[in-house]
Amino acid sequence: MATITKSDVEITVRGLYKAGKEFPQKELFYSVDKEHRVQEATRIILETVDLFVRVFIPRNISRERWQKAEGIAIVSPERVICPALMQAALKQAEAEHVEATISRNEEAKKERPANYADTKEGRSNAKLLRWTLSRMRQGRVFGPYWPTAKEVADMAEQIGMTANDVDNYNQLLLRIFLNDVNYGKEHPEFILDYIPYFDKRREVSFRKVA
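Criteria and cut-off values
Residues numbered from 1 in each chain as written. Predicted model: local features only at pLDDT ≥ 70, side-chain atom pairs only at ≥ 80, totals over all residues. Heavy atoms only, no water. Phe/Tyr/Trp six-rings, centres within 6.5 Å; stacked < 30°, edge-to-face > 60°. Helix = DSSP H or I, 4+ residues; strand = E, 2+ residues; numbered from the N terminus. Buried < 20%, exposed > 50% of the residue type's maximum accessible area, 1.4 Å probe, protein only. Lys NZ or Arg CZ within 6 Å of the ring centre and 35° of its normal. Pairing = 2+ DSSP bridges. Axes fitted to C-alpha atoms, helices over the stretch in contact; angles between N-to-C directions. Parallel < 35°, antiparallel > 145°, perpendicular 65-115°, else oblique. Contact = heavy atoms within 4.5 Å. Nonpolar A, V, L, I, M, F, W, Y, C, P; charged D, E, K, R; others polar. Salt bridge = Lys/Arg side-chain N within 4 Å of Asp/Glu carboxyl O. 1 Å grid on protein atoms, 1.4 Å probe; cavity = no way out; pocket = protein on both sides within 12 Å on 5 of 7 lines; lining within 4 Å. Points joined across faces, edges and corners; volume = space filled by probe spheres on them.

Looking at the packing of aromatic side chains
Then comes step 1: The full count for this structure, using the stated rule, is 10 aromatic pairs.
Then comes step 2: Taking the centre distance of 6.0 Å and the plane angle of 45° together, the rings of W131 and W146 count as tilted. In this pair, W131 is assigned in helix α6 (residues 120-137) and W146 in the loop between α6 and α7 (149-158), connecting sequence segments 15 residues apart. Like W131, the residue W146 is buried in the burial classification.
Then comes step 3: Following the ring pairs from residue to residue traces out a cluster consisting of F52, F56 and W66.
Then comes step 4: Just above the ring of Y183 sits the side chain of R140; from NZ or CZ to the centre is 3.8 Å.
Then comes step 5: The cationic tip of R140 hangs over the ring face of F190; the distance from NZ or CZ to the ring centre is 5.5 Å.

The following block contains the structure:
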């Protein structure tokens, strides 16, 4: 998954400005002599880019989700170019992505064999759907908390998995668990009440803890 870079952020900031959004520093811009306004505009843009970089780059947001959020932000009634504008747009983009995934899953059910629920894919998707719906009811944003590949590999090793065991299904389940772990680090009110384990079917499962 390709994540956003400073270049992506700058493209977005400039795109929002071209679309008619305003910088919160606009009063500073108009307070400068006309002959210096080009330099002042450049300074404000770069200052805003640096702010966005500090806020969003550490969250490992996918480029696809960021571009979707940019489109949402452009048509938003909010006029000011600030982190809150993109945060709201990212939340909406994520909600739309989840809703589309659930819709595709429902459509796919019509073509699945009768024993689908007893397959590895069926069990994995059922766990993912339960987790996603639960977190959506909590109003969660997923993007900032997705784990790195190293975090996934380390967790797999901790529960006795080999590299060959970490297929797409098992990797996905480890990622949702680690998303909760990372979320809990920033939100101490969140209680992580389950742990992953590697079951006899060589699949990642979860068990409740006291």
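With respect to the pairing of strand β1 (residues 194-198)
Then comes step 1: Side chains Y194, P196 and F198 project from β1 onto a buried face, and the interleaved I195 and Y197 project onto a face without burial.
Then comes step 2: As defined by bridge partners, β1 adjoins strand β2 (residues 204-208) across five bridges and the pair is classed as antiparallel. Across the sheet, the residue bridging to F198 is V204, located in β2.
Then comes step 3: The antiparallel hairpin formed by β1 and β2 contains five residues in its connecting segment, where R202 sits at a positive phi of about 60°.

Quick word on the packing of helix α1 (residues 6-18) against helix α4 (residues 63-75)
Then comes step 1: Two elements in contact, α1 and α4, have axes whose closest approach is 10 Å; the angle formed by their N-to-C orientations is 10°. By the angle class used here, α1 and α4 are roughly parallel. Note on element contacts: α4 touches α1 through R63, W66, E70, A73 and I74, opposite D8, V9, I11, T12, G15 and L16.
Then comes step 2: A class-by-class count of the residues in the contact of α1 with α4 yields six nonpolar, two polar and three charged.

Section: the pattern of salt bridges
Then comes step 1: Following the criterion strictly, the structure yields 14 salt bridges and no others.
Then comes step 2: A salt bridge links R63 to D8, with the nearest nitrogen and oxygen atoms 3.1 Å apart. Separated by 55 residues along the polypeptide, R63 in helix α4 and D8 in helix α1 bring together distant segments of the chain.
Then comes step 3: Classification of D8 by relative accessible area gives buried; the value is 12%.
Then comes step 4: The salt bridge involving D193 is made with K208; its shortest N-O contact spans 3.0 Å.

Here's the deal with the layout of surface pockets
Over the atoms, a rolled probe matching the size of one water molecule traces out where space is still vacant.
Then comes step 1: For the largest pocket, the calculated volume is near 950 Å³.
Then comes step 2: When contributions to the lining of the largest pocket are tallied by element, the ones reaching two or more residues are α4, α5 (83-109), α6, α7 and α8 (168-186).
Then comes step 3: Here the lining of the largest pocket gets nine residues from one element, more than from any other, and that element is α5.
Then comes step 4: For the lining of the largest pocket, the per-class residue count stands at 18 nonpolar, 12 polar and seven charged.
Then comes step 5: Taken together, 13 residues form the lining of the second largest pocket, with W131, R135, Y194, F206 and K208 sitting closest to its centre.
Then comes step 6: At the level of elements, α6 and β2 are the ones that each hand at least two residues to the lining of the second largest pocket.
Then comes step 7: By residue class, the composition of the lining of the second largest pocket is six nonpolar, one polar and six charged.

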